[in-house]
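An overview of the molecular structure
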Amino acid sequence: MTSIGNPWPTYVYGFNVNLEYKGFEFNMNWQGVADRDIYNNTKQCLENMNADWNSTPDVWNAWTPNNTQTSQPRLGNATHNYQLPNSYMVEDGSYLRLKNIQLGYNFKKSVVSKMKLSKLKIYVGVENALTFTKFKGFDPEFIGNNNAEQGVYSLTQYPQSRSISFGLNVGF
């Protein structure tokens with residue numbers, strides 16, 4: 001048995017930006033991990049020419065005696081290259097994600113007091129706005145179904161949804 005990858009990141013990091021200017025508020029929250037390996041089990045299904053379902057076009061760049069300058073394993077039933085765990089399925093799971101971004105405006109007290117309010121803010125925000133990664137799956141930030149599956153990305157892993165919100169914060 002050979003260990004091929006490490007699902008535990010060496011670095012976990014994040015930073016926040018909070019700016020205010022003349023009633024405007026701008027907030028960003030970034031987070032990420034570095035030096036993490038992910039076993040992309042979806043490749044086993046999506047690049048398997050030995051099965052009876054569709055494959056991605058990547059399989060046409062597989063190793064052959066005439067195509068030796070590729071990272072794709074060779075195809076063939078005899079070798080079971082896509083059916084057994086192997087290092088080809090291990091990918092870099094590092095990422096940087098813009099987790100939250102929000103822009104808001106706080107109305108001046110002179111305007112708010114005329115409406116008999118103590119505060120009034122309007123804002124728009126986006127959650128999971130951007131992700132920078134080399135990982136080929138949908139989302140490098142996922143949780144395994146159990147401890148044995150830490151770092152194993154499969155077809156049962158759903159990406160985090162992006163949400164856009166608009167709001168009004170009113171104080172009486």
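What you see is a predicted model; the values in this text were computed from it and never measured.

Thresholds, definitions, all that
Residues numbered from 1 in each chain as written. Predicted model: local features only at pLDDT ≥ 70, side-chain atom pairs only at ≥ 80, totals over all residues. Heavy atoms only, no water. Helix = DSSP H or I, 4+ residues; strand = E, 2+ residues; numbered from the N terminus. Contact = heavy atoms within 4.5 Å. Areas by Shrake-Rupley, 256 points an atom, 1.4 Å probe, with all protein chains shown as cover. Pairing = 2+ DSSP bridges. Axes fitted to C-alpha atoms, helices over the stretch in contact; angles between N-to-C directions. Salt bridge = Lys/Arg side-chain N within 4 Å of Asp/Glu carboxyl O. Buried < 20%, exposed > 50% of the residue type's maximum accessible area, 1.4 Å probe, protein only. Phe/Tyr/Trp six-rings, centres within 6.5 Å; stacked < 30°, edge-to-face > 60°.

What follows is about the overall build of the chain. Scanning the chain from N- to C-terminus turns up 2 helices and 8 strands. In the chain, the order of α-helices and β-strands from amino to carboxyl end is β-β-β-α-β-β-α-β-β-β. Taking as baseline every contact in the chain between residues at least 6 positions apart, the subset at least 24 positions apart corresponds to 65%. Total accessible area computed for the chain in this model is approximately 11600 Å², and 57% of it derives from carbon and sulfur atoms.

What follows concerns unusual backbone geometry. Notably, Asp35 is not glycine yet its phi reads approximately 60°, a positive angle. For Asp35, the location among the structural elements is in the loop between β2 (24-34) and β3 (37-40). With a phi angle near 60°, Asn128 is a residue other than glycine that sits in the positive phi range. Tracing the sequence through the fold places Asn128 in strand β6 (residues 119-133).

To continue, consider the sheet that holds strand β8 (residues 163-171). Spatially, the 5 strands line up as an open sheet ordered β1-β2-β5-β6-β8, and their pairing is antiparallel. Sheet topology places β1 (11-21) and β8 at the edges, where each strand pairs with a single neighbour. Pairwise comparison of adjacent strand axes, ignoring direction, gives a mean angle of 15° for this sheet. Alignment of β1 against β2, held across 11 bridges, turns out to be antiparallel.

A complete count under the given rule lists 4 salt bridges for this structure. A salt bridge links Lys121 to Glu25; the shortest N-O distance between them is 2.7 Å. A residue pair is termed long-range when its members are at least 10 positions apart, and Lys121 in strand β6 and Glu25 in strand β2 qualify at 96 residues. Taking the relative accessible area as the measure of exposure, Glu25 reaches 17% and is therefore buried. Ionic contacts of the salt-bridge type, sharing partners, join the residues Arg97, Lys99, Asp139 and Glu141 into one network.

Next up on the list: the pairing of strand β5 (residues 95-106). Looking at chain direction, β2 and β5 are connected through 10 bridges and run antiparallel. What sits directly across from Gln31, in β5, is Arg97. In this structure, β5 lies alongside β6, joined through 11 bridges in antiparallel fashion. For Asn106, the partnering residue across the bridge sits in β6 and is Lys121.

Counting across every chain of the model gives 6 aromatic pairs. With a centroid separation of 6.4 Å and an interplanar angle of 15°, the aromatic rings of Trp30 and Phe132 are classed as stacked. You can see Trp30 sitting in strand β2 and its partner Phe132 sitting in strand β6, a full 102 residues away along the chain. We classify Phe132 as partly exposed; its relative accessible area is 46%. Residues Phe142 and Tyr153 carry aromatic rings whose centres are separated by 5.2 Å and whose planes lie at 65° to one another, so their mutual orientation is edge-to-face.

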